[in-house]
Amino acid sequence: MKLINMMAVATLLVTATTHAANNLVPVAEKTQETATSLRDKAFKDDSAYEILRSLTTEVGSRHPGTPGEKAGIQWGVNKLKALGFDKIYTEDVKMNGWVRGIETAEVLVPSYQKMIITALGRSKSTPEGGLEADIAHFETYADLEKAKDGSLQGKIAFISNRMERFKDGAGYGPANIARSKGHELAAQKGASAILIRSIGTDDHRNPHTGATSVAMGYTQVPAVALSNPDADQLVRLMGYGHTPKMRLNVQTKDLGDIVTKNVIGEITGSEFPDEVVVIGGHLDSWDLGTGAVDDGAGVAIAMATAAFIKNNTDVNPRRTIRVILWGAEELGLIGARAYAKAREADGTIDKHMIGSESDFGAGPVYGLRSSKNVSAKAIHVVDTMAGIMGELGVSRRSGDTSGGPDMMPLSALGVPALGLMQDGTDYFDLHHTPDDTFDKVNPDHMRQNLAAWTVFTYIAAQWPGSFK
Ligand SMILES: [Zn+2]
């Protein structure tokens, strides 16, 4: 025991000497000790899980322009107050609203069958009562690209390829083009609608909604997603040589100009109050579920982390911890873009020292990686964070990161970011479906997230060096 202690002291001394020689600002021993004891205490703390329970139960879904979103914003302000944040405010963001109404699909030929669908974000309506058309099948987006322009008159273009399951969600990007741009391509080919297999990894009759490439107004043709079993059914039907005829009825509404909000809470820095560490999640959700894994979990983890640090330290950390509950992420990072633009304009962007967003579900954190613009002189700090997170099953990972979707506009302006990589193996079973509900979340995982986020946030706010 004693020998090990002596070796530990020797290692610390060597590290300190090396850091001095390289002009590195060390992570003080006291800071490491505090981060370690906060980690152990957070690992037994259910506050993130309880915040998530409240949001998903007392509010529910939070789609921009709906009463649910309004209630979510009020909930955010009230909860930040109840958690004892030093400063709480909201920032208005103008946007264009869109909501779904009726959405039904039936196969009429060769036999009558109801299909489970949902409209994609900003889908245009079909004519009232729906449209009837034959299905033209394409296995992939690339296959639809090969069709002659204007050749799909009077048809519904159907893209059937399936998203692959990976721990890090690597299957999402390649599958997603059908959702985002399928409507443009279908219109170019003359089709009257685009039907895609849901971008999801489950086998339930739950369709997955999600954004398209459209920022305001409507898609070029009605755009809908079939649940995975329904997509399989349609493909099997065509395997028998049938050309299915479908009746598709989608009614949606452009809400025109609406206002969303970023909800912000701060733990004021005790030495450098104008220097900011940004953490957060997005407060909006799709309308089908209650936004538990996307992204109530991220909201809860960020709020709980900052409050936990404040309530378990005698003095606030040196820098300000700014928790941002981002508005309208799902419709195109609308709150995040407005926030970054405003900070670029008022010059406070340089005071954003580092940031990260939790927006990949409620699975445990397994990796820590840093963006390429984290200075070589700060890499040892990230290594130290990863070392302290090691007991939680977290290891240091290579590669770049934007720090999460809502961090992208800040990253683009040079703000360093860390990625706390979560196990997303099951994330796309639930993502953007009616099944995204609180019961799917494991409280052990929420405690582990709280512990990992506490280590990152505390050290980022307490270490006096620069990450840039
Ligand atoms: Zn999300």
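For clarity, every value in this text was computed on a predicted model and none was experimentally measured.

The rules behind each value
- Residues numbered from 1 in each chain as written.
- Predicted model: local features only at pLDDT ≥ 70, side-chain atom pairs only at ≥ 80, totals over all residues.
- Heavy atoms only, no water.
- Helix = DSSP H or I, 4+ residues; strand = E, 2+ residues; numbered from the N terminus.
- Polar contact = N/O pair within 3.5 Å; in protein donor to acceptor, adjacent residues only side chain to side chain.
- Buried < 20%, exposed > 50% of the residue type's maximum accessible area, 1.4 Å probe, protein only.
- Contact = heavy atoms within 4.5 Å.
- Domains from an automatic or database assignment.
- Buried area = accessible area lost by both parts, 1.4 Å probe.
- Salt bridge = Lys/Arg side-chain N within 4 Å of Asp/Glu carboxyl O.
- Nonpolar A, V, L, I, M, F, W, Y, C, P; charged D, E, K, R; others polar.
- Donors = N, O, S within 2.8 Å, 3.2 Å for Na, K, Ca; no water.
- Tetrahedral: all angles 85-135°; square planar, octahedral: opposite > 155°, others 65-115°.
- Core = buried A, V, L, I, M, F, W, Y, C linked by side-chain atoms within 4.5 Å.
- Pairing = 2+ DSSP bridges.
- Expected span 1.5 Å × (residues − 1).

Draft legend 1. Broad picture of the side chain of glutamate 103. Take glutamate 103: it is sitting in strand β1 (residues 87–109). Within the structure, glutamate 103 has its side chain in polar contact with the side chain of threonine 118 (distance 3.0 Å). Within the structure, glutamate 103 has its side chain in polar contact with the backbone nitrogen of alanine 119 (distance 2.7 Å).

Draft legend 2. Structural view of unusual backbone geometry. Along the chain, valine 109 connects to proline 110 via a cis peptide bond; the corresponding omega equals 10 degrees. Here proline 110 lies in the loop between β1 and β2 (113–115). The residue after aspartate 294, namely aspartate 295, is reached through a cis peptide bond having omega 0 degrees. For aspartate 295, the location among the structural elements is in helix α8 (residues 292–311). In this structure, arginine 122 takes a positive phi of about 65 degrees despite not being glycine.

Draft legend 3. Up close: helix α10 (residues 379–389). Of all 11 residues in α10, eight are buried, a share of seventy percent or more. Along α10, the residues classified as buried are His380, Val381, Val382, Thr384, Met385, Ala386, Ile388 and Met389.

Draft legend 4. Structural context of the side chain of threonine 201. The residue threonine 201 is located in the loop between β6 (193–197) and β7 (223–226) in this model. In terms of polar contacts, threonine 201 uses its side chain to reach the side chain of aspartate 429, at 2.6 Å. Excluding residues within four positions of it along the chain, threonine 201 makes contact with Arg162, Met163, Glu164, Arg165, Asn228, Phe428 and Asp429.

Draft legend 5. Examining the domain arrangement of the chain more closely. Domain boundaries in the chain define domain 1 (24–86 + 268–462) and domain 2 (100–252). Each of domain 1 and domain 2 was reduced to a C-alpha centroid, and the two centroids are 34 Å apart. Between domain 1 and domain 2, the residue contacts involve 19 residues of the former and 22 residues of the latter. Together, the buried faces of domain 1 and domain 2 total about 1700 Å²; carbon and sulfur atoms form 56% of this surface. Summed over the shared surface of domain 1 and domain 2, the number is three salt bridges. For aspartate 426, the salt bridge goes to arginine 165, with nearest N and O atoms at 3.7 Å. Considered class by class, the residues forming the side of domain 1 that touches domain 2 number seven nonpolar, six polar and six charged.

Draft legend 6. Representation of the coordination of the zinc ion in the model. The coordination sphere of the zinc ion contains the protein donors His282 (NE2), Asp294 (OD), Asp359 (OD) and Asp359 (OD), at a distance range of 1.9 to 2.7 Å. Coordination at the zinc ion is irregular, judged from the four donor atoms that bind it and the angles of 52 to 147 degrees they form at the metal. For the zinc ion, all donor residues lie on one chain, and their spacing in sequence is H-x11-D-x64-D. In this pair, histidine 282 is assigned in strand β9 (residues 272–282) and aspartate 359 in the loop between β11 (352–357) and β12 (365–370), connecting sequence segments 77 residues apart. Overall, aspartate 359 belongs to the buried group, its relative accessible area being 9%.

Draft legend 7. Expanded view of the nonpolar core. Core analysis: the biggest nonpolar cluster contains 93 residues, and Met385, Met389, Met446, Phe456 and Ile459 have the highest contact counts within it. For this core, the element with the highest residue contribution is α8, accounting for 13 residues. In terms of domain composition, this core takes at least three residues from each of domain 1 (24–86 + 268–462) and domain 2 (100–252). Those residues in contact with methionine 389 that lie beyond four places of it in its chain are Leu368, Val394, Leu420, Ala452, Val455 and Phe456. Membership of the second largest hydrophobic core comes to 29 residues, among which are Met115, Ala119, Ala193 and Leu226.

Draft legend 8. View of the pairing of β1. Direction of pairing for β1 relative to strand β8 (residues 245–267): antiparallel, over a ladder of 20 bridges. Directly across from glutamate 91, in β8, lies its bridge partner asparagine 262. Strand direction decides the pairing type here: β1 and β2, joined by three bridges, are antiparallel. When the sheet's bridge partners are listed, alanine 105 is paired in β2 with methionine 115. Taking the residues between adjacent antiparallel strands as the criterion, β1 and β2 are bridged by three residues.

Draft legend 9. Spatial organisation of the environment of phenylalanine 438. As for its placement among the helices and strands, phenylalanine 438 is situated in the loop between α12 (427–430) and α13 (443–462). C-alpha of phenylalanine 438 to C-alpha of tyrosine 49: the two residues are 389 residues apart in sequence and 9.3 Å apart in space. Excluding residues within four positions of it along the chain, phenylalanine 438 makes contact with Tyr49, Leu52, Arg53, Thr56, Thr290 and Ala292.

Draft legend 10. Quick look at helix α3 (residues 47–59). Taking 1.5 Å as the rise per residue, α3 with 13 residues should run 18 Å; its terminal C-alpha atoms sit 17 Å apart, in good agreement. Among the residues of α3, those classed as buried are Ala48, Tyr49, Ile51, Leu52, Ser54, Leu55, Thr56 and Val59. In this structure, the buried residues of α3 make contact with α4 (67–82), α8 and α13. One or two residues past the end of α3 sits glycine 60, with phi positive at roughly 90 degrees.

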